[in-house]
Amino acid sequence: MSEAQQEARVRVHDLRERWRATSLASVWIRPNDWEHPAAEALAEALAEGRGVIAPAERLGAARAGVGAGITEALDDVACLYAAFGRPTDVGALRAAAIGWVGERERVPYQIATHDPSTGLPTGEYLGERLRETYGVAQRTGTSAGESHCLLVLDVGLENLDTWQRLARSAAIGRTLHQVFGEGHPMAAVGDGTFVVLCERGPTTAELGQSLRRVVERNAEVLGLTTEVRRPTRVWVERLPGTHGDALLLLDHLAR
């Protein structure tokens, strides 16, 4: 092996290690599942200035194969570019998303409580959390509508392709986790519509406006401004009198 080849191999190794460290420290949930030949191939392609589309698509499929959600998979690719000191390549993200979708369609991976496209709880899970909220209100002699509300986020646009919808879903899922934290009752209930179950309070409306600003800022950072409604719509829905009516409200918001 020539000296130039040895130096190139060292550069690829260093990039891959910086990428791995960045990803494990910020977005990757399964440390033992990060290593994969597709990751090595993508790091090598980027370091050597070659095309990244094919290796990114293979990596997306590999990430789906170990059960990673699309948010985790795309964030991982973004970590590679951060480690390399370059803006994230939207083409690489798109290729990873296509690979992820292809693998998921080939071998479906069942997740009972979370939607892999957003990383958020499913609508069914949110419905169960609403049932608990109404149950607590009934037992304490209060009203669910007085103690809680639904914060609704609408970023929907028509005529988006599959990649654009997936990228948007991943970005919004990450944003909602940033704003509300883990374990908060929230879900995607329609194409571009997201709902968060919140306690009512004097700062609820202000929280909604903060969410709108974070969504729009993250869309700019990720190059997704054409995939997100501008301005983003955020509003508060009062919970109706019964759990059944609350489920009907979720159905209505999904349309």
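Residues numbered from 1 in each chain as written. Predicted model: local features only at pLDDT ≥ 70, side-chain atom pairs only at ≥ 80, totals over all residues. Heavy atoms only, no water.

(A) Region of interest: the nonpolar core. Among the nonpolar cores identified, the biggest contains 37 residues, and Trp19 and Leu74 are the most heavily contacted of them. Shared between two domains, this core takes at least three residues from each, and those domains are domain 1 (3-106) and domain 2 (112-254). Setting aside its immediate chain neighbours within four residues, leucine 74 contacts Leu93, Ala96, Ala97, Trp163, Ala167 and Ala170. Within the second largest apolar cluster, 17 residues are counted, among which are Leu120, Leu151, Val228 and Val234. (Core = buried A, V, L, I, M, F, W, Y, C linked by side-chain atoms within 4.5 Å. Buried < 20%, exposed > 50% of the residue type's maximum accessible area, 1.4 Å probe, protein only. Domains from an automatic or database assignment. Contact = heavy atoms within 4.5 Å.)

(B) View of unusual backbone geometry. Between arginine 230 and proline 231 the backbone carries a cis peptide bond, its omega angle lying at -5°. With respect to the helices, strands and loops of the structure, proline 231 is situated in the loop between α9 (204-221) and β4 (233-238). Phi is positive for asparagine 159, which is not a glycine, with a value near 65°. For asparagine 159, the location among the structural elements is in the loop between β1 (148-154) and α8 (162-180). For asparagine 159, a relative accessible area of 76% corresponds to the exposed category. (Helix = DSSP H or I, 4+ residues; strand = E, 2+ residues; numbered from the N terminus.)

(C) Seen up close, the domain arrangement of the protein chain. The domain boundaries assigned to the protein chain delineate domain 1 (3-106) and domain 2 (112-254). On a C-alpha basis, the centres of domain 1 and domain 2 stand 30 Å from each other. Contact residues are listed per partner, giving twelve residues for domain 1 and eleven residues for domain 2. Between domain 1 and domain 2, roughly 1000 Å² of surface is buried when both sides are summed, and carbon and sulfur atoms account for 72% of that area. Three residues, Ile70, Thr71 and Arg94, lead the burial of domain 1 against domain 2; their summed loss comes to 41% of the area buried on that side. The tally of links between domain 1 and domain 2 comes to two salt bridges. Applying the counting rule to domain 1 against domain 2 returns one residue pair in polar contact (both at pLDDT 80 or more). (Buried area = accessible area lost by both parts, 1.4 Å probe. Salt bridge = Lys/Arg side-chain N within 4 Å of Asp/Glu carboxyl O. Polar contact = N/O pair within 3.5 Å; in protein donor to acceptor, adjacent residues only side chain to side chain.)

(D) Main features of the packing of aromatic side chains. In this structure the tally under the stated criterion is one aromatic pair. Note on tryptophan 19 and tryptophan 34: the rings are 4.9 Å apart at their centroids and 80° apart in plane angle, and the pair reads as edge-to-face. With a gap of 15 residues between them, tryptophan 19 in helix α1 (residues 3-26) and tryptophan 34 in the loop between α1 and α2 (37-47) connect regions that are remote in the sequence. The ring of tryptophan 28 carries arginine 63 above its face, with NZ or CZ at 4.5 Å from the centroid. (Phe/Tyr/Trp six-rings, centres within 6.5 Å; stacked < 30°, edge-to-face > 60°. Lys NZ or Arg CZ within 6 Å of the ring centre and 35° of its normal.)

(E) Quick look at the sheet that holds β4. With antiparallel pairing, four strands are arranged side by side in an open sheet as β2-β3-β1-β4. At either margin of the open sheet sits one strand with a lone partner, and together these are β2 (186-190) and β4. Pairs of neighbouring strands in the sheet enclose a mean axial angle of 30°, with direction left out of account. Across four bridges, the pairing between β2 and strand β3 (residues 193-199) is antiparallel. (Pairing = 2+ DSSP bridges. Axes fitted to C-alpha atoms, helices over the stretch in contact; angles between N-to-C directions.)

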